[in-house]
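# Reading the structure
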Amino acid sequence: MPQTLFEKIWSQHVIVDKGTETLLYIDRNLIHEGAFHAFGALAKEGRKVRKPRQSLATADHYVPTRDREKGLANVVDADAREMIRLFDVNGAEHGIRCFGMNDPQQGIVHVIGPETGFTQPGITLTCGDSHTSTHGALGAYAFGVGASQLKQALATQCLWQKKPKTLRITVDGKLGAGVTGKDVILAIIAKIGTAGGTGHVIEYAGSVFRAMPMEGRLTVCNMSIEAGARSGMIAPDDVTYQYLAGREYAPKGAQWDAALAMWRALPTDDGATFDREVSLDGNAIEPTLTWGTTPEEALPVSAVVPDPASFSDANRRAHAESALRYMDLKPGTQLTDIKIDRVFIGTCTNGRIDDLRAAAAVLKGRKVTVQGWVSPGSTLVKREAEAEGLHRIFEEAGLEWRASGCSGCAAMNGDSVPAGMRSASTSNRNFEGRQGKGARTHLMSPAMVAAAAITGRVTDVRTLTGGR
Amino acid sequence: MKPFTQLTTVAAPFDMANIDTDKIIPARFLRKLRTAEKGYDPWLFFDMRFDADGKEKPDFILNQAPWRNTGIIVAAENFGCGSSREGAVYAMVDWGIRAAIAPSFGDIHYANEIQNGMLPAILAEAHCAVLRAQLKAKPGSSITIDLETQTITGPDGKTYRFDIEPVYKERLLKGLDDVGLVLQELPAIEAFEKRHFAKMPWLA
Ligand code: SF4
């Protein structure tokens, strides 16, 4: 029987199938400082990490992005300092490889997984973080778990799971100039809603994704959780294999050939069926941004702030009303008339080298009119960007060039946006208070954030780049 | 884990859909240690409960006298969407909330509730809306949940049947721990690993 990509991976990892639930093998775990709850529970129960080599850890959420070389003493917040300290202690105690705060391979957990080749096609992967969906861009089945399930995965390499349903989102056509993976996923979420993928694994299919570089695919899969789906996947192809070849954890020599043969059998078979199908026209997607306080409240840059009264669904209407209050916006306002006070470029959504190149291409030779900073997705991305001179473009434009971490995405390390300020951000969540208490977040692509940085308001990046 | 069988307690209505886990507990509190003495309840709905000066906002439901002892939340669509933070469940459980009733839940949050002995009861939005309206009409009134029969009895005595997966129902009823359940299968796991890594030695 023809099978989907997801079904193939799922069936290859089933240990026990009870019909009602399945014991699923987990090939790999990724860990960040937030795992201290899970390690604490392991200690309390007197359990050990069963397969330390199948885990990889990195410090990202709480690390400072300024004066990193000053080390732990520089972390002002005592709780955060303790978490970063515990991170090293737990890793050492359980024999897990850890990229600590000052490690040359440190980075955001969803950036270092693919970057080291730890993430591979066909594997199951978990992490105590909802954006674990990111790793599906390489054709893995990757999903976020809470602290208790992370503890289980570490103690056993297995999880009891109920098989999710499948949803295929097909985007055919060709993206226009200035339209990126970020715009595609925002358009998708605006269409299906933040609960649109609940209970489902999404497979992204169609010519738009086939033509998309790995960075864009990672951005798309990253935000699957914003559509309610625990995982998003894209079938592996030559783009995937070229990206992986030679990376640290990738198989080498004869093993590479064996792996490649297995990976090539993974894509969804012709005639396989999905529980649901959705499609969008890729030609019609414009640069897109959010106006409200949930990622589904997104519109093309040419649109106006909607009138809540125009929503037929009572819940959406009520949400839009409270969102406009929080965002201090009036219905009918042209999105490009919205003033921006802060910009932030980085995160596991858009902190990869392609993202920094896209932002730098817009900023080159220009000056910004608002404050902001760039935090590369990993320390290796930072080095690569510096080797290309991108950091100089950012600094000459007037942005701060910082160390790698989650930074202003969830503001856990103190890199927040002041209350009442309006931020153009490459991150993935525009929830109330996400970037700091009272901060107002507009999600958009790196190029769009760069454009907003120059003009001080929401701007169609194509007007600055001559439509290229 | 404490088994969940029956519960009769004050229930609070939350009309808003898409209550994300950032709302249930803002990220800045997740760095806190959770101990037997010091739970996560002080941070529950923190930015909705307190103003910029740290004073209670009187219009927030859990700050109003009839709802200070809320043990059940009746919400709308997509409760607990967003971040995987289990701190959202810790905050509710430590406050004394043992069940949430909603038409749908964020997937990860749903699993997190189960893992902490909290019941995520799935009930059609039309019925949730009726319950919320009754709870507002009679502040401080109670709801009864019976997990065995999968029923919810509202303030007016009317009973509704809610949905829960049988395997999760059993875990909650018995207070079972997942790690124990997995380790019972250890021989099967080891046999699987042998086959799996013989095929893909680079993953081991
Ligand atoms: S960058 Fe943001 S979304 Fe990504 S892991 Fe860090 S906090 Fe989470």
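Residues numbered from 1 in each chain as written. Chains lettered and ligands numbered in written order. Predicted model: local features only at pLDDT ≥ 70, side-chain atom pairs only at ≥ 80, totals over all residues. Heavy atoms only, no water.

## Quick look at the sheet that holds strand 12 (residues 276-281) of chain A
All names here are of chain A. Taken in spatial order, the four strands line up as 11-10-9-12 in an open sheet, and their pairing is parallel. Of all strands in the sheet, those bounded by a partner on one side alone are strand 11 (231-233) and strand 12. Going from strand to strand, the sheet's axes swing by 20° on average, the running direction of each strand aside. Set on the sheet, helix 6 (residues 181-192) makes contact with strand 9 (165-172), strand 10 (200-205) and strand 12; between it and strand 12 the angle comes to about 125°. (Pairing = 2+ DSSP bridges. Helix = DSSP H or I, 4+ residues; strand = E, 2+ residues; numbered from the N terminus. Axes fitted to C-alpha atoms, helices over the stretch in contact; angles between N-to-C directions. Contact = heavy atoms within 4.5 Å.)

## Overview of the side chain of A:Arg342
Residue and element names in this part refer to chain A. Turning to its location among the elements, Arg342 is positioned in strand 15 (residues 342-346). Buried charged residue Arg342 carries no salt bridge. Nearest counter-charge: Asp341, at 6.8 Å. With residues up to four places along the chain from it excluded, the contact list for Arg342 reads Val370, Gln371, Val417, Pro418, Met421, Arg422, Ser423 and Ala424. (Buried < 20%, exposed > 50% of the residue type's maximum accessible area, 1.4 Å probe, protein only. Lys, Arg positive; Asp, Glu negative; His and termini not counted. Salt bridge = Lys/Arg side-chain N within 4 Å of Asp/Glu carboxyl O.)

## With respect to the packing of aromatic side chains
Residues and elements named next belong to chain B. A full pass over the atoms with the stated rule returns 23 aromatic pairs over all chains. Residues Phe14 and Phe60 carry aromatic rings whose centres are separated by 6.0 Å and whose planes lie at 70° to one another, so their mutual orientation is edge-to-face. Taken together, the positions of Phe14 in the loop between strand 1 (6-13) and helix 1 (21-24) and Phe60 in the loop between helix 2 (46-49) and strand 2 (72-74) put the pair 46 residues apart, joining distant regions of the chain. Taking the relative accessible area as the measure of exposure, Phe14 reaches 6% and is therefore buried. (Phe/Tyr/Trp six-rings, centres within 6.5 Å; stacked < 30°, edge-to-face > 60°.)

## Description of the interface of chain A and chain B
Across the boundary between the two partners, chain A contributes 66 residues, which contact 59 residues of chain B. Taken together, the two surfaces of chain A and chain B that pack against each other cover about 5200 Å², and 56% of this comes from carbon and sulfur. In terms of surface lost to chain B, no three residues of chain A exceed A:Trp160, A:Asn315 and A:Lys437, which account for 11% of the buried area on that side. Linking chain A with chain B are eight salt bridges, by the criterion used here. Those elements giving two or more residues to the side of chain A that touches chain B turn out to be strand 1 (14-17), strand 2 (22-25), helix 2 (36-45), helix 3 (78-94), helix 5 (147-156), strand 8 (158-161), helix 10 (253-264) and helix 11 (314-327) of chain A. Across the side of chain A that touches chain B, the residue classes tally to 24 nonpolar, 23 polar and 19 charged. (Buried area = accessible area lost by both parts, 1.4 Å probe. Nonpolar A, V, L, I, M, F, W, Y, C, P; charged D, E, K, R; others polar.)

## Details of unusual backbone geometry
Unusually for a residue other than glycine, A:Asp67 sits at a positive phi of about 50°. A residue is classified by how much of its surface remains accessible, and A:Asp67, at 36% relative accessible area, is partly exposed. Unlike most non-glycine residues, B:Gln150 shows phi in positive territory, near 55°. Mapped onto the fold, B:Gln150 is located in the loop between strand 5 (142-146) and strand 6 (151-153).

## Quick notes on the sheet that holds strand 4 (residues 55-58) of chain A
Residues and elements named next belong to chain A. The parallel open sheet is built from five strands, whose spatial order is 5-4-3-6-7. One side of each edge strand has no neighbouring strand; the edge strands of this open sheet are strand 5 (97-99) and strand 7 (141-144). Between one strand axis and the next, the sheet turns by 20° as a mean value, whatever way the strands run. Of the strand pairs in this sheet, strand 3 (residues 28-31) and strand 4 are connected by three bridges, and their pairing is parallel. Paired with Asn29 across the bridge in strand 4 is Ser55.

## Comments concerning the state of the cysteines
Counted under the stated rule, the structure contains zero disulfides over all chains. A:Cys98 forms no disulfide, and the closest cysteine sulfur to it belongs to A:Cys127, at a distance of 13 Å. Of the cysteine sulfurs around B:Cys128, a residue in no disulfide, the closest is that of B:Cys81, at 15 Å. (Disulfide = S-S within 2.5 Å.)

## Let's talk about helix 3 of chain A
Side chains three or four residues apart in an α-helix point the same way, a direct result of the helix having 3.6 residues per turn. Residues and elements named next belong to chain A. Here helix 3 spans 24 Å end to end across 17 residues, near enough to the 24 Å set by a 1.5 Å rise per residue. When we look at burial in helix 3, the residues that qualify are Ala80, Met83, Ile84, Leu86, Phe87, Asn90, Gly91 and His94. On an axial view of helix 3, the arc spanned by its buried residues comes to 160°, and they lie on one face. Turned more than 90 degrees away from the buried face of helix 3, the exposed residues are Ala92 and Glu93. The secondary structure elements touched by the buried residues of helix 3 are strand 3, helix 2, strand 4 and strand 5. Measuring from the side-chain oxygen of the N-cap residue of helix 3 to the backbone nitrogen of Asp79 gives 3.0 Å; that N-cap residue is Asp77. Downstream of helix 3 by one or two residues, Gly95 has phi in the positive range, about 70°. (Expected span 1.5 Å × (residues − 1). Arc of directions from axis to C-beta. Polar contact = N/O pair within 3.5 Å; in protein donor to acceptor, adjacent residues only side chain to side chain.)

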